[in-house]
Amino acid sequence: MRVGSLFSGIGWFDLGLERAGFDIAWQVEHDDYCRRVLAKHWPGVPCHYDVRTIDWAWLPRVDLICGGFPCQPFSCAGKRRGADDDRYLWPEVVRCLSVQQPAWFLGENVPGLIGLGLDQVLADLEGLGYETQTFSIPACAVDAQHIRQRLWILSYLSRIQSGRKKPRTTGQRTRASRESCAYANTERAERRPFDIPCHHHRENGNAQWEESPDRTGGLCANVADTKNSVR
């Protein structure tokens, strides 16, 4: 499968997908330092500069588009201005998907998106014909020494007519999208079905992390369930 990488940074999405057997077709990144890193590790992959000025019809079609769109409009470390922030670039992702129409979209952002934009994200994706599931997966689920919750968005283009993927006008979210949003709501007291277990305790004044026995199996099961649900 061929991948288009938005907001590539230093290529963390790209590296993971490449190791999983995907081919990186193109990247988009405007930071000069990050572009130098990308050029070193993916010398043969074209890297475009500004997501806001690209004519997506001229780029090669890909099977999956990924990207961690800017989190500053939603992060608790900032002013949380949402769509009023000039760094709010989710509409550019929508513009890209509406033209490229990849079979899959994989996005990532901070948990602050849940109450300040996720509803719009899900509505936009549904309007383009995508079935979407959200996952709350912390860094400690892959053995990092801190929690660092992150929201992951996995979408599959479910509506295909005459061999072509046909977008439609954004409308109201269906029950499935509303449930997807509920699963991602980190403010709920109970564990959500798609959370990855991660436990910690303190010993001698230091935080100690424990791996949940079902952590890996739970993740694999969730991915398998998602694949089955979108076929």
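Within each chain, residues carry numbers counting from 1 in the order of the written sequence. At least 70 in pLDDT is required for a residue's local features to be given in this predicted model, at least 80 for side-chain atom pairs to be given and counted, and no such filter applies to totals for whole chains, interfaces and linings, which use all residues. Processing note: side-chain calculations cover all non-hydrogen atoms of the structure and skip hydrogens and water entirely.

**Topic: the overall build of the protein chain**
Then comes step 1: Runs of H or I in DSSP of at least four residues are treated as helices and runs of E of at least two as strands, each being numbered from the N terminus. For the protein chain, the count of helices and strands is six helices and eleven strands.
Then comes step 2: Within the protein chain, buried positions represent 45% of all 231 residues.
Then comes step 3: Whether two residues are in contact is decided by their heavy atoms: any pair within 4.5 Å suffices. Of all intrachain contacts in the protein chain linking residues separated by at least 6 positions in sequence, the fraction that spans at least 24 positions is 64%.
Then comes step 4: Accessible area for the protein chain stands at about 12,800 Å²; split by element, carbon and sulfur atoms hold 50% of it. Residue exposure (1.4 Å probe, protein chains only): buried if accessible area is under 20% of the type maximum, exposed if over 50%, otherwise partly exposed. Shrake-Rupley sampling with a 1.4 Å probe provides the accessible areas, and residues are treated as covered by the protein chains on show and by no other component.

**A few points about helix α1 (residues 12-19)**
Then comes step 1: What α1 keeps buried is the set Phe 13, Asp 14 and Leu 17. All buried residues of α1 lie within an arc of 95 degrees about the axis, which places them on one face of the element.
Then comes step 2: Here the buried face of α1 lies against β1 (2-6), β2 (23-28), β4 (64-67), β5 (104-109) and β7 (151-157).
Then comes step 3: A positive backbone phi angle near 105 degrees is found at Gly 21, which sits one or two residues after α1. The directions from the helix axis to the C-beta atoms form the arc being described.

**Quick word on the nonpolar core**
Then comes step 1: In this text, buried Ala, Val, Leu, Ile, Met, Phe, Trp, Tyr and Cys residues form a nonpolar core when linked through side-chain atoms within 4.5 Å. Core analysis: the largest hydrophobic core is formed by 33 residues, its most contacted members being Leu 6, Trp 26, Trp 56, Phe 69 and Trp 90.
Then comes step 2: Counting residues per element, the ones that place at least two in this core are β2, α3 (90-100), α4 (118-127) and β7.
Then comes step 3: It is α3 that contributes the most residues to this core, five residues altogether.
Then comes step 4: Contacts of Trp 90, omitting those with residues within four sequence positions, involve Phe 69, Phe 105, Gln 120, Val 121, Asp 124 and Leu 125.
Then comes step 5: In terms of nonpolar packing, the next biggest core, distinct from the first, is built from 16 residues, Leu 38, Trp 42, Leu 64 and Leu 106 among them.

**Looking at the packing of aromatic side chains**
Then comes step 1: Here the aromatic set is Phe, Tyr and Trp, taking the six-membered ring for Trp, and pairing holds for ring centres within 6.5 Å; pairs whose planes are under 30 degrees apart are stacked, those over 60 apart are edge-to-face, and all others are tilted. Using the criterion set out here, one finds nine aromatic pairs in the structure.
Then comes step 2: A ring pair is formed by Trp 26 and Trp 56, whose centres lie 5.5 Å apart and whose planes are at 40 degrees; its orientation type is tilted. Separated by 30 residues along the polypeptide, Trp 26 in strand β2 and Trp 56 in the loop between β3 (47-48) and β4 bring together distant segments of the chain. Each member of the pair, Trp 26 as well as Trp 56, carries the same accessibility label: buried.
Then comes step 3: A network of ring pairs unites the aromatic residues Phe 69, Phe 74, Tyr 88, Trp 90 and Phe 105 as a single cluster.

**Things to note about the pattern of salt bridges**
Then comes step 1: What counts as a salt bridge is simple: a side-chain nitrogen of Lys or Arg found within 4 Å of a carboxyl oxygen of Asp or Glu. All chains considered together, the criterion is met by three salt bridges.
Then comes step 2: Close ionic contact of Arg 52 with Asp 50 constitutes a salt bridge, the shortest N to O distance being 3.0 Å.
Then comes step 3: Residue Asp 50 is classed as buried on the basis of its relative accessible area of 17%.
Then comes step 4: For the salt bridge of Arg 150 with Glu 108, the shortest nitrogen-to-oxygen distance reads 3.3 Å. You can see Arg 150 sitting in the loop between β6 (130-136) and β7 and its partner Glu 108 sitting in strand β5, a full 42 residues away along the chain.

**Some details on α3**
Then comes step 1: Looking only at α3, the buried set comprises Trp 90, Glu 92, Val 93, Val 94, Cys 96, Leu 97 and Gln 100.
Then comes step 2: Buried positions along α3 lie against β1, β2, β4, β5, α4 and β6.
Then comes step 3: With its phi angle positive at about 50 degrees, Gln 101 sits one or two positions after the end of α3.

**A short note on the confidence of the model for the protein chain**
Then comes step 1: Mean pLDDT over the protein chain: 77, with 68% of residues reaching 70 or higher.
Then comes step 2: Of the regions scoring below 50 in pLDDT, residues 164-231 engages in 112 contacts with residues more than four places distant in sequence or in other chains. The pLDDT score gives, residue by residue, the confidence of the prediction method on a 0 to 100 scale.

**Considerations on the sheet that holds β3**
Then comes step 1: Criterion used throughout: strands pair if DSSP finds at least two bridges between them. Taking strand neighbours across the sheet as the criterion, the seven strands line up as β3-β2-β1-β4-β5-β7-β6 in an open arrangement whose pairing is mixed. Each of the sheet's edge strands pairs with one partner strand only, and the pair in question is β3 and β6.
Then comes step 2: Both β1 and β4 contribute to a ladder of four bridges, which runs parallel. Across the sheet, residue Gly 4 finds its bridge partner in β4, namely Ile 65.

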